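Observations on the three-dimensional arrangement
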Amino acid sequence: MNAYRILVWKVVFVLGYISKTAGFKGQIPIGAIFDEYTDVFARTGYQYAISSHSERVKEGIKFSTVYDEVDIHDNFKVASRICIQMAGGVFAFYGKTSMSSFSIIQSFSNTFHMPYISFSLSGTTDTQPKPYVIFVKPSYVDAMADLIKAFRWTQLDYLYDSDDGLMRVQNLHAKLKDVVPRVDMRFRRVDDVTDAHEDLRRLDRNQHQNCKNIILDLSSYHAYNEMLRQIPEVGMNRNGYNYLLGTLDILNFNLTRFRHGGVNITGFQLVNHNSRTVQSFLDGWRNLSSTVWPGAGQDFVQVDAALSVDVVEALYQALRDMIRRNTDVFNYTFRRRTVYNYNKTRGIPCDERPVIPWMHGSDIYHSLQRVKFSGLTGNVAFDRRGLRTDYRMSVFTVSLNNGPQKIGEWDSISGLRTIYDAGEQGSANESSTSTKRRKVVTTILLPPFLAKKKTPDNGKPLLGNNRYEGFCRDLADEISEKLEFDYEIREVRDGQFGEDLKNGSWSGMIGELRRGVAELAIAPLTITAERERVVDFSKPFMNMGISIMIKRPDKQKPGVFSFMEPFSIQLWACISIAYVVVSVSIFLVSRFSPYEWHNLTLTFGDMIHNQFTLSNSFWFSMGALMLQGSDHCPRSAAGRIIGGAWWFFVLIIISSYTANLAAFLTIERMLTPIKSADDLAKQTEISYGTLKSGSTREFFAKTAVPTYRTMYNAMTTATPSPFVDSIEAGVERVRNFKAKYAFLLESTMNEYYNNRKPCNTMKVGPNLNLKGFGIATPLGSDLKEKISYAVLKLKEDGTLHKLQQTWWYEKTECGSDTGHRESKKRSLSLSNVAGIFYILISGLVVSIVTGIIEIFCLKKRPIPGAAPDHIKRNDTRLTVVGTPPEQINGLINDVRIR
Ligand code: CWD
């Protein structure tokens, strides 16, 4: 009965195999076993790699594949599939293993000498030899242990969902057991990752007050996503929680939503998307249809897909090496498109007794162990146990308002190097995945030169240089395109531009160039003589100078008496005095000049009189001043000379007044307390300072100009210190200090910030010096000349100008200073001229009061038809001599009335 069942199984297996390998035409068949639930990315990567290899048919090696999707935890099914595939003839296996299926897979491999390349980590934790099994996925237990030590965690909870996870807990525990201070580890298995709320809540309840460190070690991409969904749901995404993900693909998760709760999430990234290999792979990958190729069609490749691609390449290289060593090696392996084994056996049957091992198995396995190449997952090489060796991965973290940000690197040789403690040597050579090494460009975050891009709405993390934007990013693109090199932007570690530390070393970007950490510095790095001694600078790509930034004073609106403002108080006083002097002079001159006296024939007799009484003289001068004239004109030469001079004076004064008036009525003016460096140097009320470290401070420290020397002395003795750590801090200080702090900074940044909200800063005075920003390279670098040439070209074709317009002025947040205000200027409002209405109204009121006083108090009203009493009294002739002029004038008026 049993024999019959086995026979039926065999028939089913063989038929199944034949149906799946219908396309086999003497190609090298590779068997594959994937988990039916979780391995979609690995399968896509594998299929894509096989098909693109077949398209290229390199060195006569063409792959075909047969793959099965089974429940990887079901040993019987796994064993059956392996048997079927071997019976059909496969050169090696690629696939998944689990703790439960690992021993059976290993025993098949060992028995039949069938290489099995696993992309799982089951079986990597113990030190037992695993012949014929190769592990393409690098282990991250050591990296985790190093991170835990680096973070100084003394307590942690380990959450896992598989037997593999359990093995890793044990392994990690063993690695941390001697760590001081002791690491207290608790572990918990999650049975259902889709509903882990209770598990998480229990963790939350049991957390120590200050230690909330959790390691998530889950078996699939889907499981991580489920868990990451539930963490915020139970409120465990708040400040104080630190998660470490047991994944090699942290950038594949949408973690940006965790940037607001205060939680820290750290994990590893094996695939370096900046590497040339990955970039050229993505050229094809991103164009695939994601419906046909699940997981493809994007700008990044998942780690399992990348591992599959590397496995196919490893197989290719292993077989190629075998063929190179012995061109006839597979001569007797293929017959009629079928794989034959020892003794002309078709395939590698499981049930032959004695067992017939795969004739090329051992060779393929050892050849695989020897491969060494730069793949999508970095350096691909295996040690004698079949484990990945000499590999490296990046450590990324997401924290409050930050990330995913690279905080370090871990490699299997030197361990963890975080940005906090990493030595810098050799890090420029990181891009081992690139055949033509990318140049490391050190730079500094300083918008608009360089800023981090916002993560797109779809939450996909930005990778590599794509994380940055700004003038320097565009400039680097232009230069690299012209000089045909790849580059990688690295933020300068200490956030400094470069200062001589007086111990033979330099800080900042200059230091990184000198230490060989970077090959170029593309940043707002000022060319100075001191720096020119230790690095090479290109021709300047931007010119600027040190300038003064102050808080923009409030605008002064024209007041109701702004029509007085065209002239200063002194001038108004002089005009008033001139008016009085001229009026009195005319009066006196007219009094003494005989030509000003003339006869007046009245009905009651003749009289001689003089028009220029004192009041008439004042009235005459007033008439001229108001451009109205008066009834009286001097007759004497002396009077006319005074009159002429006065008219000329008035002509010029009124013209000048009119010319200035419009501006004073309409323009909103700013009274800036400081207009130049001299103003700053002369006062003590407003403090001023520069960036703590950089060429601006150096300029003041070394200057020979007395004003700047005085300024520097004032800066160094001032308390609190006027030096600031960053440009933003300086600008903030200007904004907050209510015009009591002036910031001395490079004009490019001054202009940029003046166009940023809240638009309350301004540049005053001319630049203090003339400098330029240059691209720096290590001394003697052959790039210097080429870069200088490229910079000049970019200047000449207007690219640099265009970039500056784009990053400075087109992105302005403050609008232009003209335009809008012009329209305001044209129309006067009542408030601008209210003063003259007040004067008119006051004139009217005063005149009415005066009139009333005149009528009721000072004089009697004249009787119509009668001469006034005093005229009758004086009979027919009046003697003028000795008579006060105002009486004569009154008399004449009276006469006219009659
Ligand atoms: N730097 C500076 O010294 N002052 C400034 O205002 C700005 Cl924006 C920058 C650094 C300088 N460019 C350097 O290279 O040291």
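Only a predicted model underlies this, so the values are computations on that prediction, with no experimental measurement involved.

Two measures define how a pair of helices packs: the angle their axes make with one another and the distance between the axes. It is at 10 Å that the axes of helix 5 (residues 141-151) and helix 6 (residues 163-176) come closest, and there the two elements cross at 50°. Judged on the interaxial angle alone, helix 6 and helix 5 are oblique. In the packing of helix 5 onto helix 6, the handedness of the crossing is right-handed. Across from Val-141, Asp-142, Met-144, Ala-145, Ile-148 and Lys-149 in helix 5, the residues of helix 6 making contact are Arg-168, Asn-171, Leu-172, Lys-175 and Leu-176. Taken together, the residues of the contact of helix 5 with helix 6 break down into six nonpolar, one polar and four charged.

Moving on, we come to the packing of aromatic side chains. Taken as a whole and assessed by the stated rule, the structure comprises 45 aromatic pairs. Their ring planes at 70° and their centres at 5.8 Å tell us that Trp-572 and Tyr-657 sit as a pair that is edge-to-face. Here Trp-572 is found in helix 15 (residues 569-592), whereas its partner Tyr-657 is found in helix 17 (residues 637-666), with 85 residues between them in sequence. Each residue in the set Phe-34, Tyr-46, Tyr-67, Tyr-94 and Phe-119 is aromatic and connected to the rest through ring pairs, giving one cluster. In this structure, Arg-335 is placed above the aromatic ring of Tyr-340, and the distance from its NZ or CZ to the ring centre is 4.6 Å.

Once that is clear, we can look at unusual backbone geometry. Look at the link from Arg-353 to Pro-354: it is a cis peptide, with omega at -5°. By secondary structure assignment, the location of Pro-354 is in the loop between strand 12 (338-339) and helix 11 (361-370). Here the bond from Pro-447 into Pro-448 is cis, since omega is 5°, no more than 30 degrees from zero. Following the sequence through the fold, Pro-448 ends up in the loop between strand 18 (439-443) and strand 19 (451-452). One non-glycine residue, Lys-502, lies in the positive phi region at around 60°. Tracing the chain through its elements places Lys-502 in the loop between strand 21 (487-491) and helix 13 (508-514).

What follows concerns a positive patch on the surface. On the surface, Arg-335, Arg-336, Lys-344 and Arg-346 cluster together to form a positively charged patch. Residue position: Arg-335 is located in strand 11 (residues 334-335). Taking the relative accessible area as the measure of exposure, Arg-335 reaches 34% and is therefore partly exposed.

Within the structure, the ligand sits among 14 residues, and Pro-524, Thr-526, Arg-531, Thr-696 and Glu-746 are positioned closest to it. Within the backbone of Glu-746, a nitrogen or oxygen atom sits 2.9 Å from an oxygen atom of the ligand. Relative to its unbound accessible surface of 370 Å², the ligand loses 100% to contact with the protein. Looking at the shell around the ligand, the elements with two or more residues in it are helix 19 (695-702) and strand 31 (741-746). In terms of residue class, the shell around the ligand is built from eight nonpolar, four polar and two charged.

Spatial ordering of the open sheet is given by 30-31-25-32, a layout of four strands whose pairing is mixed. Only two strands of the sheet have a single partner each, and these edge strands are strand 30 (687-689) and strand 32 (761-764). The sheet shows a mean angle of 30° between the axes of neighbouring strands, direction not considered. With respect to the sheet, helix 20 (residues 706-717) is in contact with strand 30 and strand 31, its orientation differing from that of strand 30 by roughly 100°. Lying on the sheet, helix 21 (residues 727-736) is in contact with strand 25 (546-551), strand 31 and strand 32; it crosses strand 31 at an angle near 150°.

This part takes up the sheet that holds strand 4 (residues 116-118). To summarise the sheet geometry, strands pair through backbone hydrogen bonds and adopt either a parallel or an antiparallel arrangement. The strand order 2-1-3-4-5 describes an open sheet built from five strands, whose pairing is parallel. Edge positions in the sheet fall to strand 2 (63-70) and strand 5 (133-135), since each of these pairs with one other strand and no more. Here the average twist between neighbouring strands, direction ignored, is 20°. Where strand 3 (residues 92-95) meets strand 4, three bridges bridge the pair, whose relative direction is parallel. Bridge pairing links Phe-93 to Tyr-116 in strand 4. Contacting strand 4 and strand 5, helix 4 (residues 99-112) crosses the sheet at an angle of about 125° to strand 5.

Before going further, it helps to examine the pairing of strand 15 (residues 392-399). Buried residues dominate strand 15, accounting for seven of its eight residues. The sheet contact formed by strand 10 (residues 264-269) and strand 15 spans five bridges and is antiparallel. Within strand 15, the position partnered with Gln-269 by the bridge is Ser-394. With seven bridges joining them, strand 15 and strand 16 (residues 402-411) adopt antiparallel strand pairing. Note on strand 16: the bridge partner recorded for Met-393 is Trp-410. Between strand 15 and strand 16, which follow one another and run antiparallel, lie two residues, and Asn-401 among them has a positive phi close to 60°.

Take helix 16 (residues 614-625) next. The end-to-end C-alpha separation of helix 16 is 17 Å, in line with the 16 Å expected for 12 residues at 1.5 Å each. Restricting attention to buried positions, one finds in helix 16 the residues Asn-616, Ser-617, Phe-620, Ser-621, Gly-623, Ala-624 and Leu-625. One or two steps after helix 16, the chain reaches Leu-627, where phi turns positive at roughly 60°.

Taken as a whole and assessed by the stated rule, the structure comprises two disulfides. Disulfide partner of Cys-83: Cys-350, at an S-S distance of 2.0 Å. The disulfide joining Cys-83 to Cys-350 has a torsion of about -125° about its S-S bond and is therefore left-handed. Of this pair, Cys-83 sits in helix 3 (residues 75-88) while Cys-350 sits in the loop between strand 12 and helix 11; the two residues are 267 residues apart in sequence, bridging distant segments of the chain. Both residues of the pair, Cys-83 and Cys-350, count as buried. Between the sulfur atoms of Cys-759 and its disulfide partner Cys-814 the distance amounts to 2.0 Å. Across the S-S bond linking Cys-759 and Cys-814, the dihedral sits near -95°, which makes this disulfide left-handed. With Cys-759 in the loop between helix 22 (747-754) and strand 32 and Cys-814 in the loop between helix 24 (799-809) and helix 25 (820-826), this residue pair connects regions lying 55 residues apart in the sequence. Residue Cys-759 is classed as partly exposed on the basis of its relative accessible area, which comes to 21%. Given a relative accessible area of 24%, Cys-814 falls into the partly exposed group.

Taken as a class, soluble globular proteins show a tendency for nonpolar side chains to be buried jointly. Ranked by internal contacts, the top residues of the largest apolar core, which has 100 residues, are Phe-63, Met-86, Tyr-94, Leu-172 and Phe-268. Considering each element in turn, this core owes the most residues, 13 residues, to helix 10 (residues 303-325). Not counting residues within four places of it along the chain, the set of residues in contact with Phe-63 comprises Gln-27, Ile-28, Ile-30, Ile-50, His-53, Ser-54, Val-312, Leu-315, Tyr-316 and Leu-319. Leu-450, Met-509, Leu-520 and Ile-787 belong to the second-largest nonpolar core, a separate cluster that totals 57 residues.

The next thing to look at is the packing of helix 22 against helix 24. Closest axis-to-axis distance for the helix 22/helix 24 pair is 9 Å, and the angle between their directions is 45°. Taken together, helix 22 and helix 24 sit at an angle that is classed as oblique. Residues Thr-748, Glu-751 and Tyr-752 of helix 22 form the contact with helix 24, whose own contacting residues are Gln-804, Trp-807, Trp-808 and Tyr-809. Residue composition of the contact of helix 22 with helix 24, grouped by class: four nonpolar, two polar and one charged.

This part takes up the confidence of the model for the protein. In this model, the protein carries a mean pLDDT of 83, and residues with pLDDT of at least 70 account for 85%. Note on residues 861-883: pLDDT is under 50 here. Beyond four places in sequence and across chains, it has 22 contacts.

Attention now goes to the side chain of Asp-157. Tracing the chain through its elements places Asp-157 in strand 6 (residues 155-160). When its relative accessible area of 4% is taken as the criterion, Asp-157 is described as buried. Within the structure, Asp-157 has its side chain in polar contact with the side chain of Gln-155 (distance 3.0 Å).

Analysis parameters
Residues numbered from 1 in each chain as written. Predicted model: local features only at pLDDT ≥ 70, side-chain atom pairs only at ≥ 80, totals over all residues. Heavy atoms only, no water. Axes fitted to C-alpha atoms, helices over the stretch in contact; angles between N-to-C directions. Helix = DSSP H or I, 4+ residues; strand = E, 2+ residues; numbered from the N terminus. Parallel < 35°, antiparallel > 145°, perpendicular 65-115°, else oblique. Left-handed = near helix turned anticlockwise from the far one by under 90°. Contact = heavy atoms within 4.5 Å. Nonpolar A, V, L, I, M, F, W, Y, C, P; charged D, E, K, R; others polar. Phe/Tyr/Trp six-rings, centres within 6.5 Å; stacked < 30°, edge-to-face > 60°. Lys NZ or Arg CZ within 6 Å of the ring centre and 35° of its normal. Patch = residues over 30% accessible without salt bridge, like charges linked within 9 Å, V, L, I, M, F, W, Y side chains within 5 Å. Areas by Shrake-Rupley, 256 points an atom, 1.4 Å probe, with all protein chains shown as cover. Salt bridge = Lys/Arg side-chain N within 4 Å of Asp/Glu carboxyl O. Lys, Arg positive; Asp, Glu negative; His and termini not counted. Charge placed at Lys NZ, Arg CZ, Asp CG, Glu CD. Buried < 20%, exposed > 50% of the residue type's maximum accessible area, 1.4 Å probe, protein only. Near = heavy atom within 4 Å. Polar contact = N/O pair within 3.5 Å; in protein donor to acceptor, adjacent residues only side chain to side chain. Pairing = 2+ DSSP bridges. Expected span 1.5 Å × (residues − 1). Disulfide = S-S within 2.5 Å. Core = buried A, V, L, I, M, F, W, Y, C linked by side-chain atoms within 4.5 Å. pLDDT = per-residue confidence, 0-100.

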